[in-house]
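Structural description and commentary
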Amino acid sequence: MVMDETAKAVLDVINGEEFKEEGAYNVRYNGQALCHGDTEHVKIKKREDGKNGIDVYISGEAKEERLHIPVVVSVSGMTDEVYNDFYVGAGADVTIVAGCGIHNAGCNDSRHDGIHTFHVEKGANVRYEEKHYGEGEGTGERILNPVTKIILEEDAVFTLDTSQIKGVDSTVRKTEVILGKGSKLFVTEKLMTHGEQSAVSNMDVVLKGEDSSAQIISRSVADGKSRQVFHPRAIGENLCHAHIQCDSIIMDHAQVASIPEIDAKHIDAAIIHEAAIGRINNEQLLKLRTFGMTEEEAEAVIIEAFLN
Amino acid sequence: MLKVENLNFQITEDGKTKKIIDDVSFEVADGELLVITGPNGGGKSTLAKLLMGVEKADSGRIFLDGEEITDYDINHRANAGLGFAFQQPPRFKGMTVEKLLSLAAGKQLPTAVCCKLLSNVGLCAKEYINRQVDATLSGGEMKRIEIATAMAKEHKICIYDEPEAGIDLWSFTMLVKQFEKIHKEKKESIIIISHQERIINMADRIMVIKDGKVEKTGQKEEVMQGLFMDNPVCGCMDEESC
């Protein structure tokens with residue numbers, strides 16, 4: 001199977017750069033593994049439990065290594081479900097780029113459910129970047145339902161950077177994290193919805209280990225008649241620190257519900273949440289217009305900065 | 001040259017009409033520094049906003065270098081050569097100071113230029129350049145960044161609304177020096193709304209606005225006399241009768 005030009009363009013958008021078949025990578029295209037590459041410290045294997053997907057083994061020797069695992073769906077009406085498991089060795093330092101893009105030119109819904117599980121050993125440092133994107137002139141919906149499970153052992157650090165900026169009609173995101181002793185989690189979630197799109201993000205972060213910490217920052221913009229629901233939940237089961245911040249800009253006739261939940265089950269659990277929803281500040285628009293921008297240009301600049 | 005003819009602006013509060021700017025006319029010559037002063041609530045900031053197009057005048061005309069800009073909206077006035085520094089600048093979550101300065105300049109500014117702009121207003125560039133223009137900055141820091149944005153681009157005329165407000169004495173001295181430098185170069189005209197004597201002392205001309213009207217205008221020697229002696233609220237020096 002060869003990727004066509006449309007799919008290649010989608011791949012470049014979600015990958016953030018021109019994709020090259022080098023280093024460690026695995027490209028999934030229309031429900032099949034298209035190509036993959038290993039490195040000395042990153043080995044990718046097809047799952048052997050009958051489910052679609054891969055097992056990725058990253059050795060503790062991996063330093064500043066990058067792994068690309070993009071997914072492109074360009075067939076209208078396809079439902080692609082994939083299970084990817086990552087085993088990150090103690091002391092590894094790796095960045096995993098996992099974009100998913102759908103091009104739907106037809107009238108049937110196209111859907112990708114990516115279920116990713118990370119087993120991160122002691123002292124490993126993982127940065128996981130996930131960009132979701134949809135396009136295509138078809139009337140069929142573009143649906144992305146990611147599930148991300150993260151288990152952090154002692155002193156492991158996990159940075160989860162997710163963004164969904166354009167073209168995804170419906171998404172239900174589920175994230176579950178269990179933090180071990182001294183481990184750290186940083187989550188940055190960026191989301192923009194337009195038209196009739198809907199997005200739900202549920203996140204459970206269990207701070208199980210002593211001295212574990214989590215910082216969750218969610219920024220979203222809801223335009224048109226779109227709907228968003230955020231439900232981040234931090235559960236402190238030990239001496240731990242957690243901070244949840246959800247900020248949303250609401251425009252037009254959109255609807256945003258932000259429901260941060262904090263649950264302390266230990267006397268030394270310190271957990272904070274903040275949530276704010278509001279329209280674009282008129283003073284901000286006026287200020288940028290004194291720079292010579294039109295109202296539309298100013299609005300775009302404010303949104304871009306907010307989501308950055 | 002900026003020319004303002006018979007500007008009027010009124011608001012309606014609780015069914016009553018109140019004149020905020022009442023038949024104001026004045027001119028600012030090329031390279032001139034005009035300081036607008038007067039009692040609080042007299043209409044100075046509203047006048048500044050009317051000049052920039054932030055508020056729309058009910059009647060009157062505004063000309064910039066002979067071009068009528070009365071019907072121009074804010075961005076058209078900005079593109080025609082007007083600059084503006086707000087008295088209370090807004091914060092921008094997610095935007096760095098460097099990005100805001102580049103947006104103000106209308107082009108990507110080299111980091112060194114951004115640093116110079118910040119140090120000109122008394123901010124240590126290294127500490128601020130990558131900071132977000134958000135609630136982590138104090139009012140005084142915001143104010144200085146605001147002034148730096150106005151100075152990031154050369155305008156035909158730039159309006160500063162109470163630039164001294166919330167600024168510490170050391171930064172204020174730096175700021176005064178910047179105004180003096182711009183004024184000396186005569187590259188742009190400046191309107192500063194201020195109550196500060198040191199700023200008033202820099203002016204080529206002073207215009208006193210009270211109750212929405214131009215009460216006095218002229219060279220500083222003429223207008224300064226008595227400016228700090230009269231009680232601007234009641235015009236009375238006798239505390240008992242107040």
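Remember, predicted model here, so these are calculated numbers, not experimental data.

Rules and cut-offs
- Residues numbered from 1 in each chain as written.
- Chains lettered and ligands numbered in written order.
- Predicted model: local features only at pLDDT ≥ 70, side-chain atom pairs only at ≥ 80, totals over all residues.
- Helix = DSSP H or I, 4+ residues; strand = E, 2+ residues; numbered from the N terminus.
- Buried ≥ 20, exposed ≤ 12 C-beta atoms within 10 Å, placed from the backbone.
- Contact = placed C-beta atoms within 7 Å.
- Expected span 1.5 Å × (residues − 1).
- Arc of directions from axis to C-beta.
- Pairing = 2+ DSSP bridges.
- Axes fitted to C-alpha atoms, helices over the stretch in contact; angles between N-to-C directions.
- Nonpolar A, V, L, I, M, F, W, Y, C, P; charged D, E, K, R; others polar.
- Left-handed = near helix turned anticlockwise from the far one by under 90°.
- pLDDT = per-residue confidence, 0-100.

So, the overall build of chain B
The helix and strand tally for chain B stands at 9 helices and 12 strands. Judged by the C-alpha coordinates and their principal axes, chain B covers about 55 × 45 × 40 Å. Counting all 242 residues of chain B, 40% fall into the buried class. Put simply, 66% of the contacts in chain B that link residues at least 6 apart link residues at least 24 apart.

Re unusual backbone geometry
Its identity as a non-glycine residue notwithstanding, A:Asp211 has a phi of 65°, on the positive side. Turning to its location among the elements, A:Asp211 is positioned in the loop between β17 (198-207) and β18 (212-222). Residue A:Asp211 is classed as partly exposed on the basis of its C-beta count, with 18 C-beta atoms lying within 10 Å. One non-glycine residue, B:Asp65, adopts positive backbone phi at about 50°. The residue B:Asp65 is located in the loop between β4 (59-64) and β5 (67-68) in this model. Taking the C-beta count within 10 Å as the criterion, B:Asp65 has 13 such neighbours and is therefore assigned partly exposed.

What to know about helix α3 (residues 295-307) of chain A
When the terminal C-alpha atoms of α3(A) are compared, their 18 Å separation across 13 residues agrees well with the 18 Å that a helix rising 1.5 Å per residue should span. Restricting attention to buried positions, one finds in α3(A) the residues A:Ala298, A:Val301, A:Ile302, A:Ala305 and A:Phe306. For α3(A), the arc enclosing every buried residue in end-on projection is 130°, short of the 170-degree limit, so these residues lie on one face. On its buried face, α3(A) sits against β18, β20 (240-250) and α2 (282-289) of chain A together with β7 (92-96) and α3 (97-105) of chain B.

A word on the sheet that holds strand β1 (residues 2-13) of chain B
Residue and element names in this part refer to chain B. Reading across the sheet, the 4 strands line up as β2-β1-β4-β5 and stay open at both edges, with antiparallel pairing between neighbours. Strand pairing shows two members of the sheet lacking a second neighbour, β2 (16-28) and β5, which therefore form its edges. The pairing of β1 with β4 spans 5 bridges and is antiparallel. Pairing of Asn-8 across the sheet is with Ser-59, part of β4. Against the sheet, helix α1 (residues 44-52) makes contact with β1, β2 and β4, and its axis sits at roughly 65° relative to β2, the strand it touches most.

Topic: the environment of A:Asn281
Following the sequence through the fold, A:Asn281 ends up in the loop between β23 (269-278) and α2. Expressed as a C-alpha distance, the spacing of A:Asn281 and A:Met203, which sit 78 residues apart in the sequence, is 29 Å.

Describing the sheet that holds strand β9 (residues 157-161) of chain B
The strands making up a sheet associate through hydrogen bonds between their backbones, and the pairing can be parallel or antiparallel. Residues and elements named next belong to chain B. Spatial ordering of the open sheet is given by β6-β9-β10-β3-β11-β12, a layout of 6 strands whose pairing is mixed. If you trace the sheet from one side to the other, it starts and ends with β6 (82-85) and β12 (213-219), each paired once. Pairs of neighbouring strands in the sheet enclose a mean axial angle of 15°, with direction left out of account. For β6 and β9, the ladder comprises 4 bridges, and the chain directions are parallel. Looking across to β9, one finds that Ala-85 is bridged to Tyr-160.

What about the interface of chain B and chain A?
On the chain A side, the residues contacting the 18 residues of chain B number 19 residues. Going through the elements one at a time, α2 (74-80), β7 and α3 of chain B are the ones with two or more residues in the side of chain B that touches chain A. Grouping the constituent residues of the side of chain B that touches chain A by class yields 12 nonpolar, 4 polar and 2 charged.

Here we look at the packing of α2(A) against α3(A)
Residues and elements named next belong to chain A. As a packed pair, α2 and α3 sit with axes 9 Å apart at the nearest point and diverge in direction by 115°. Considering the relative orientation of α2 and α3, their crossing is right-handed. Of α3, the residues touching α2 (which contributes Gln-284, Leu-285, Leu-288 and Arg-289) are Glu-295, Ala-298, Glu-299, Val-301 and Ile-302. Tallied by class, the residues present in the contact of α2 with α3 amount to 5 nonpolar, 1 polar and 3 charged.

Details of the confidence of the model for chain B
Mean pLDDT for chain B: 90, with 93% of residues reaching 70 or above. Low pLDDT, under 50, characterises residues 234-239 of chain B; the predicted model gives this stretch 6 contacts beyond four residues in sequence or across chains.

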